[in-house]
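Read off the chains here:
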Amino acid sequence: MPGWKYAFSLNREAVKAATPPGTVRLVEPTATIPEEDGTAAQNVERFSKYPLPTPDPADPLNWAPWRKLACISSVSLYAFVSNFISACIAPALPVWNLEFPEDQRKIEELMQFVAYNVLLLGFGNVFLVPVANIFGRRAIVLVSTLILFISTAIGATTSNFVGILIVRCFQGLGSSASETVVPAVVGEMYFVHERGRWMAFYTAALASGSVIGGISGGYIAARLGWFQVFWVSAVLAGLAFLCAVLFVPETIYERGAHCLPIQRNLPRPSRYWPRTPAPYLSLVTLPSMHMTLPSRFRYTGELDPTYTWYQPSSSGDLSSTALTPARMSKHARSSRATGLTNFTHHPYTFADSLKFGMYRGRIKYQFMKPWYTLRLPATWIAMLQYGGLVGAVAVISTIGPQLLILPPYNWGADTGLLFIGALIGIVLGAITTALLADRRLKAFAKKQDHGYAEPETRLPIMLPALALGTGGLLVFGFCAQYPGEYQWIGLEVAYGMVAFALTQVPSLWFSYLIDAYDQLASDCFVMICILRGAVPFIWLLFVIQWIERDGYLIPFGGFTVIMGVFSLLIVPILWAGKRMRIATARYVVGNQ
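What counts, and at which threshold
Residues numbered from 1 in each chain as written. Predicted model: local features only at pLDDT ≥ 70, side-chain atom pairs only at ≥ 80, totals over all residues. Heavy atoms only, no water. Helix = DSSP H or I, 4+ residues; strand = E, 2+ residues; numbered from the N terminus. Contact = heavy atoms within 4.5 Å. Areas by Shrake-Rupley, 256 points an atom, 1.4 Å probe, with all protein chains shown as cover. Phe/Tyr/Trp six-rings, centres within 6.5 Å; stacked < 30°, edge-to-face > 60°. Lys NZ or Arg CZ within 6 Å of the ring centre and 35° of its normal. Buried < 20%, exposed > 50% of the residue type's maximum accessible area, 1.4 Å probe, protein only. Salt bridge = Lys/Arg side-chain N within 4 Å of Asp/Glu carboxyl O. Core = buried A, V, L, I, M, F, W, Y, C linked by side-chain atoms within 4.5 Å. Lys, Arg positive; Asp, Glu negative; His and termini not counted. pLDDT = per-residue confidence, 0-100. Expected span 1.5 Å × (residues − 1). Axes fitted to C-alpha atoms, helices over the stretch in contact; angles between N-to-C directions. Parallel < 35°, antiparallel > 145°, perpendicular 65-115°, else oblique. Nonpolar A, V, L, I, M, F, W, Y, C, P; charged D, E, K, R; others polar. Patch = residues over 30% accessible without salt bridge, like charges linked within 9 Å, V, L, I, M, F, W, Y side chains within 5 Å. Left-handed = near helix turned anticlockwise from the far one by under 90°.

1. Focus: the overall build of the chain
In step 1: Counting its secondary structure elements, the chain contains 23 helices and 8 strands.
In step 2: Residue pairs in contact within the chain that sit at least 24 positions apart in sequence constitute 83% of those at least 6 positions apart.
In step 3: Carbon and sulfur atoms form 65% of the exposed surface of the chain, whose accessible area is close to 23,800 Å².

2. Details of the packing of aromatic side chains
In step 1: The final tally for this structure, using the stated rule, is 31 aromatic pairs.
In step 2: Through pairs of rings, three or more aromatic residues link up here, namely Trp96, Phe100, Phe113, Phe161, Trp226, Phe227 and Phe230.
In step 3: Over the aromatic face of Phe161 sits the side chain of Arg105, whose NZ or CZ is 4.1 Å from the ring centroid.
In step 4: Just above the ring of Tyr365 sits the side chain of Arg362; from NZ or CZ to the centre is 4.0 Å.

3. Brief notes about the environment of Gly136
In step 1: Inspection of the secondary structure assignment puts Gly136 in the loop between α7 (125-135) and α8 (137-155).
In step 2: A relative accessible area of 0% places Gly136 in the buried class.
In step 3: Gly136 sits 45 residues away from Val181 along the chain, and the two C-alpha atoms are 9.6 Å apart.
In step 4: Apart from residues lying up to four places away in sequence, Gly136 is in contact with Val131, Glu250, Ile252 and Met358.

4. With respect to the pattern of salt bridges
In step 1: Throughout the structure, instances matching the rule amount to 14 salt bridges.
In step 2: Across the salt bridge formed by Asp438 and Arg197, the nearest N and O atoms sit 3.7 Å from each other. Here Asp438, found in helix α17 (residues 419-447), pairs with Arg197, found in helix α11 (residues 195-224); they are 241 residues apart in sequence, far enough to count as distant.
In step 3: In this structure, Lys578 and Glu454 form a salt bridge, with 2.6 Å as the shortest nitrogen-oxygen distance. In this pair, Lys578 is assigned in helix α22 (residues 570-583) and Glu454 in the loop between β8 (452-453) and α18 (463-481), connecting sequence segments 124 residues apart. The exposure classification of Lys578 matches that of Glu454, with both residues buried.
In step 4: Connected through salt bridges with shared partners, the residues Arg195, Arg197, Asp438, Arg458 and Asp515 form a single ionic network.

5. Overview of the nonpolar core
In step 1: Formed by 139 residues in total, the largest nonpolar core has its most connected members in Phe113, Trp226, Leu491, Trp509, Leu513, Tyr517 and Phe556.
In step 2: Here this core takes 17 residues from helix α19 (residues 487-517), the largest share from any one element.
In step 3: Residues contacting Phe556, with those up to four places away along its chain left out, are Val395, Ile396, Leu473, Phe476, Gly477 and Ile547.

6. Re the environment of Ile514
In step 1: In this fold, Ile514 is placed in helix α19.
In step 2: According to the relative accessible area criterion, Ile514 is buried, its value standing at 6%.
In step 3: For the pair formed by Ile514 and Val186, sequence separation is 328 residues and the distance between their alpha carbons is 9.6 Å.

7. Considering the side chain of Lys68
In step 1: Turning to its location among the elements, Lys68 is positioned in helix α3 (residues 65-87).
In step 2: Glu194 provides the closest opposite charge to the buried, salt-bridge-free Lys68, at an N-O distance of 4.7 Å.
In step 3: Once residues within four sequence positions are removed from consideration, Lys68 is found in contact with Pro60, Leu61, Trp63, Met189 and Tyr190.

8. Structural notes on helix α10 (residues 181-189)
In step 1: For α10, the buried fraction is high: 8 of the 9 residues fall into the buried class.
In step 2: Buried within α10 we find Val181, Val182, Pro183, Ala184, Val185, Val186, Gly187 and Met189.
In step 3: Of the surrounding secondary structure, the elements contacted by the buried residues of α10 are α3, α7, α8, α11, α19 and α20 (521-550).

9. Overview of the confidence of the model for the chain
In step 1: Taken as a whole, the chain shows an average pLDDT of 82; of its residues, 81% reach a score of 70 or greater.
In step 2: Predicted confidence in the chain is weakest over strand β4 (residues 265-267), with a mean pLDDT of 33, and strongest over α8, with 97.
In step 3: With pLDDT under 50 throughout, residues 257-341 is counted as low confidence; its partners more than four residues away or in other chains account for 182 contacts.

10. Overview of unusual backbone geometry
In step 1: Going from Pro407 to Pro408, the amide bond is cis rather than trans, its omega being 5 degrees.
In step 2: With respect to the helices, strands and loops of the structure, Pro408 is situated in the loop between α16 (377-405) and α17.
In step 3: For Asn410, which is not glycine, the phi torsion reads 55 degrees and is therefore positive.
In step 4: As for its placement among the helices and strands, Asn410 is situated in the loop between α16 and α17.

11. Description of α16
In step 1: Across its 29 residues, α16 extends 43 Å between first and last C-alpha, which sits within 8% of the 42 Å expected from 1.5 Å per residue.
In step 2: Judged by how many residues are buried, α16 sits mostly within the fold: 26 of 29 residues are covered.

12. Description of the packing of α19 against α22
In step 1: Running from N to C, α19 and α22 cross one another at 10 degrees; their axes reach a closest spacing of 13 Å. Classified by the angle between their axes, α19 and α22 sit roughly parallel to one another. Across the interface between the two elements, Trp509, Tyr512 and Ala516 of α19 pack against Ile570, Ile573, Gly577 and Arg581 of α22.
In step 2: Taken together, the residues that form the contact of α19 with α22 break down as 5 nonpolar, 1 polar and 1 charged.

13. What to know about a nonpolar patch on the surface
In step 1: Together, Leu239, Leu242, Leu246, Phe247, Phe350 and Leu354 line one region of the surface with nonpolar side chains, adding up to about 470 Å² of accessible area.
In step 2: Element by element, the count of residues in the nonpolar patch is highest for helix α12 (residues 226-247), at 4 residues.

14. Section: the packing of α3 against helix α9 (residues 161-175)
In step 1: α9 packs onto α3 with a crossing angle of 160 degrees between their chain directions and a minimal axis gap of 10 Å. As summarised for this structure, α3 and α9 are arranged roughly antiparallel, according to the angle between their axes. Where α3 crosses over α9, the handedness of that crossing is left-handed. Contacts between α3 and α9 pair Tyr78, Ser82, Ile85 and Ser86 from the former with Arg168, Gln171, Gly174 and Ser175 from the latter.

15. Some remarks on the environment of Leu459
In step 1: Mapped onto the fold, Leu459 is located in the loop between β8 and α18.
In step 2: Along the backbone, Leu459 and Val505 are 46 residues apart, and their C-alpha atoms lie at a distance of 8.6 Å.
In step 3: Once you skip the residues sitting within four places of it in the chain, Leu459 turns out to touch Leu508, Trp509, Tyr512, Ile570, Ile573 and Leu574.

Below, the structure is given as structure tokens:
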């Protein structure tokens, strides 16, 4: 298998022609179709569907559009509610001392309600994602939304500091799957050339939850009372749970019954029997797709080590269907037993979509697998950039309302209006991502001789977003340091800049990880969310003391430098992302 030295010794043409995991042929070779009169010809380009769908109606790739829309809307609602619940408490913190005068708390103590929530939101995935890989996505989404609903309802009846802190921790745990399992669900329902726009839809819902929660939380607490924040959140969590029960089927679909096992060596072509022309399979020519050995080839010789690989058993045969035993009819099971491949498929009904309870085993391996993804450079870059942006939003959403209560602003219960700027940034980020991501991928594939689509193709779109997000921190710090009658406009614009980046950057990274690492993507999301929880937790714990000592400009200037360094890490991926995928291919095919 190729390594780092090999990958960076290849010339540009060899890298362009190579097909490591993640490189797929999106555009079929141009076909020349003659007209009926035989005098003219027409060139036709066709986009391939990848992953390859099976004929089974239960295959998520084959679901009806209404079922896909219902599923992605439901999981996006869950993501929205999770971030709404996480954020709505921040503008309500000043109400605590008014609601509970016998339990007065400093603002840095009350900020623990936010800090520990985001910490558990990230670290909860260390447990939930491996369990989802073992028992299925549907089961974990249902359990998570149920935990979120129950803990929020309990919070509406809890009136002591420690009790609320515990509730906030369980709310974070119940929200964890919204940022790991849910993007995996989106990736398993859509083809490569469709994921960009639907991932933008999901991340827009994810980011807007924080904004809507920030806008409404202060109003609800100031006008209706502290406990109503939890009651409103409980209603939303209950709705998310109900939608998950009805409209989120299991999206893990086993495709690999007829695929070859992973092979790190390939036979010599001359040893195939009968001696018919055999394909030359190498790093340069083997497409990164789920391949099977044609039945006419029978290998009788020994193996040669070469720089090539087969994908693992996660996709179906090109000429036959891979089904789980539970989905086969009696005739289909007997057909498999006799070697026939004309399986009979049951229609996929609404009752089928309500089932759950798969078991995939390998418990120890599933819990260790997320940590193996730290060998993939893209995991580190995505986790640092996403963690930095979430930390920036967490600090702004917590500090901003406290700032606007003070003179010369004196906004009072209207401090949530700070989030209007963020809402505009989210809408713009979602629209630009949805319009550009898939269009750029297809346009790039059309220009290539081989018609290959590369995961790195979408990433340049995030360069302006990273610049805006980094600059937004500095703008916010400057406007906060020098308050004035109209400085709130700068605060709004700065928050919008960071929110734009928070919508676009994770959307493109999630699509990249799903395209490049397939079934390892959900494990990459675990590591990303660990840092996504740790960075805002650390920043929120010390930012108040730092601001009290040095003002706003120096702390936010420090955050700007940190985010700037994280943003520059995109350059190696843009320059040598495919070489990195070639170098780390053995980790991908060996840990699917």
